[in-house]
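Architecture at a glance
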Amino acid sequence: MTNPPQFTWDDLQFFLAVARTGQLSTAARQLRSSHATVSRRIDRLEFTLKVKLFERNPRGYVLTAMGTRFVETAERMEQETERLRTDLADGSMAQRGLVRLSAPEGFANFFFATVLPRFAARHPHLALELVTIQQIMSLSRKEADLSVVLDEPKGGPYFAEKLTDYHLQIYGSRDYLAKAPGITSRDDLLEHPFVSYIEEMIFAPGLDYLSDVHPRIKPQFQSSSIFAQLTATRNGLGLCILPYFFASRYPELVRVLPEEIDLKRQYWITCHRDLKQAPRVRAVIDFLREAVRGEDARFVPPYITAAGPQRRSDAET
């Protein structure tokens, strides 16, 4: 009598990869395998367990209710396996695998990308995917292992930790301000074109800046990309609310009403609680925390005090 097939830990790795990506091809790339092999492993796992784990449709693989429950079991096994690997290997070899990090465009391009060489040197066996599309990636559906977000998650099975405060001011190019009407009060801002986000595409409350400055400001140019907003402002299209940590890099940009207007926001790092102790995820969390705190002057301007924005001399502006 032939023994029934038994699933292995490898099968669970294939299952988790498909559960997290929803695509055979993406899972195959992460696992350095083939589309056919991934499909065969999933079929074998379902046959062995005698349960349907995925619904197949033209858009990809969607977890069934039983598949969603099985993810929790498989992830606990994954964590225990990685913990054992940590015990058996030295510290530098313990952090292996792939981590997908979702982050806002500004944070990703103007901060995290600049410290990536340090990350790669410290964790040569970790592969990283950085997602900057303007939407909230779903941690519950495993679209991302980790997310940097502007608003602290409320409820749900998530770990969250504040990374840093950051400050924003109104900026305009020197050329634009030299030709435009003077600005001495918030009401004067209504005489100037603004560059901002597309209102319907603001994916986090923390990005709704204009209402905090003046309720009657109507932007003339809107973009879902902060980089496009920055470029338009540098080219003299109008005024824009920009984070200090990258607007301050451009000498052609000047702060407007600096003693009066300063907005403060926060960046948070969050992940599903089940993944928090996975060595590969922990490595990214620890690195981000250290990198931000080591360069906090990037995010909080030197002229900001507990009493609020302070006046700077013309030479400093």
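Position numbers for residues start from 1 in each chain and track the written sequence from start to end. Confidence filtering applies because this is a predicted model: local features only for residues at pLDDT of at least 70, side-chain atom pairs given and counted only at 80 or more, and all residues used for totals across whole chains, interfaces and linings. Neither water nor hydrogens contribute to the side-chain values; these are computed over all heavy atoms in the structure.

Considerations on the packing of helix α1 (residues 9-21) against helix α3 (residues 35-49)
- Put simply, α1 and α3 touch, their axes get as near as 9 Å, and they point 110 degrees apart. Accordingly, the angle class assigned to the pair α1 and α3 is roughly perpendicular. Here D10, D11, L12, F14, F15 and V18 of α1 lie close against α3, whose contacting residues are T37, V38, R41, I42, R44 and L45.
- Residue classes follow a fixed rule: Ala, Val, Leu, Ile, Met, Phe, Trp, Tyr, Cys and Pro count as nonpolar, while Asp, Glu, Lys and Arg count as charged, and any other residue, Gly among them, counts as polar. Classifying every residue of the contact of α1 with α3 gives 7 nonpolar, 1 polar and 4 charged. Only C-alpha atoms enter the line fits that serve as axes; for helices the fit covers just the stretch in contact. Angles between N-to-C directions range over 0 to 180 degrees. Think of it this way: any DSSP run of H or I at least four residues long counts as a helix, any run of E at least two long counts as a strand, and we number them from the N terminus. We call two directions roughly parallel when the angle between them is under 35 degrees, roughly antiparallel when it is over 145, roughly perpendicular when it lies between 65 and 115, and oblique otherwise. Residues are treated as being in contact if the distance between any of their heavy atoms lies within 4.5 Å.

Some words on the pairing of strand β10 (residues 253-256)
- For every residue, the accessible area obtained with a 1.4 Å probe (protein chains only) is divided by the maximum for its type, and the residue is called buried under 20%, exposed over 50%, and partly exposed between those limits. The two faces of β10 match: L253 and R255 on one face and V254 and V256 on the other face are all buried.
- Looking at chain direction, strand β6 (residues 158-173) and β10 are connected through 4 bridges and run antiparallel. When the bridges of β10 are listed, G172 appears paired with V254. Pairing between strands is defined by DSSP: at least two bridges between the two strands are required.

What about empty space enclosed by the protein?
- The pocket and cavity definitions rest on a 1 Å grid over protein atoms only: a 1.4 Å probe that fits but cannot leave marks a cavity, an open set with protein on both sides within 12 Å along at least five of seven lines marks a pocket, and residues lining either have an atom within 4 Å of a point. Grid points are joined across faces, edges and corners, and a volume is the space filled by probe spheres set on the points. Under the definition given, this model contains 1 cavity of 30 Å³ or more.
- Within this model, the largest cavity holds a volume of roughly 100 Å³.
- Forming the boundary of the largest cavity are 13 residues, of which P104, G106, Y197, L207 and Y267 lie nearest the centre.
- Partitioning the lining of the largest cavity into residue classes produces 10 nonpolar, 2 polar and 1 charged.

Some words on unusual backbone geometry
- The backbone of K50 sits at a positive phi, close to 60 degrees, despite the residue not being glycine.
- Tracing the chain through its elements places K50 in the loop between α3 and β1 (54-57).
- Here the phi dihedral of L257 falls at roughly 50 degrees; this positive angle occurs in a residue that is not glycine.
- For L257, a relative accessible area of 10% corresponds to the buried category.

Thoughts on the side chain of R282
- Its place among the elements puts R282 in helix α11 (residues 279-294).
- Once you skip the residues sitting within four places of it in the chain, R282 turns out to touch K276, Q277 and R289.

A closer look at the layout of surface pockets
- Space inside the largest pocket adds up to approximately 670 Å³.
- Lining the largest pocket are 25 residues, and of these Q30, L31, G97, L98 and R280 lie nearest its centre.
- Elements supplying a minimum of two residues to the lining of the largest pocket: α1, α2 (24-31), α4 (65-88), β3 (97-102) and β4 (126-131).
- By residue number, the principal contributor to the lining of the largest pocket is α1, which donates 6 residues.
- Of the residues belonging to the lining of the largest pocket, the class tally is 7 nonpolar, 5 polar and 13 charged.

Observations regarding the confidence of the model for the protein chain
- Overall, the predicted model of the protein chain reaches an average pLDDT of 84, with 86% of residues at or above 70.
- pLDDT under 50 marks residues 90-94. Its contacts with residues more than four places away, or in other chains, come to 5 contacts.
- Every residue in residues 306-317 scores below 50 in pLDDT, and together they form 14 contacts with partners more than four places removed in sequence or on other chains. For every residue, the pLDDT score states the predictor's confidence, bounded by 0 at the bottom and 100 at the top.

Some points on the packing of aromatic side chains
- Each pair of aromatic rings taken from Phe, Tyr and Trp, with Trp reduced to its six-membered ring, is defined by centres within 6.5 Å and is described as stacked if the planes are under 30 degrees apart, edge-to-face if over 60, and tilted in the remaining cases. All told, the structure shown has 17 aromatic pairs when counted by the stated rule.
- Look at F245 and F246: their rings are 5.3 Å apart centre to centre, the planes differ by 90 degrees, and that puts the pair in the edge-to-face class.
- Exposure remark for F246: the relative accessible area of 0% places this residue in the buried category.
- Here the aromatic rings of F245 and Y267 are separated by 6.2 Å at their centres, their planes lie at 70 degrees, and the arrangement is edge-to-face. One end of the pair, F245, is in helix α10 (residues 244-247); the other, Y267, is in strand β11 (residues 263-272), with 22 residues separating them in the sequence.
- When its relative accessible area of 2% is taken as the criterion, F245 is described as buried.
- Remark: a charge is flagged as sitting over a ring if the NZ atom of Lys or the CZ atom of Arg is within 6 Å of the ring centre and within 35 degrees of the ring normal. One cation-aromatic arrangement involves K50 over F47; the distance from NZ or CZ to the ring centre is 5.9 Å.

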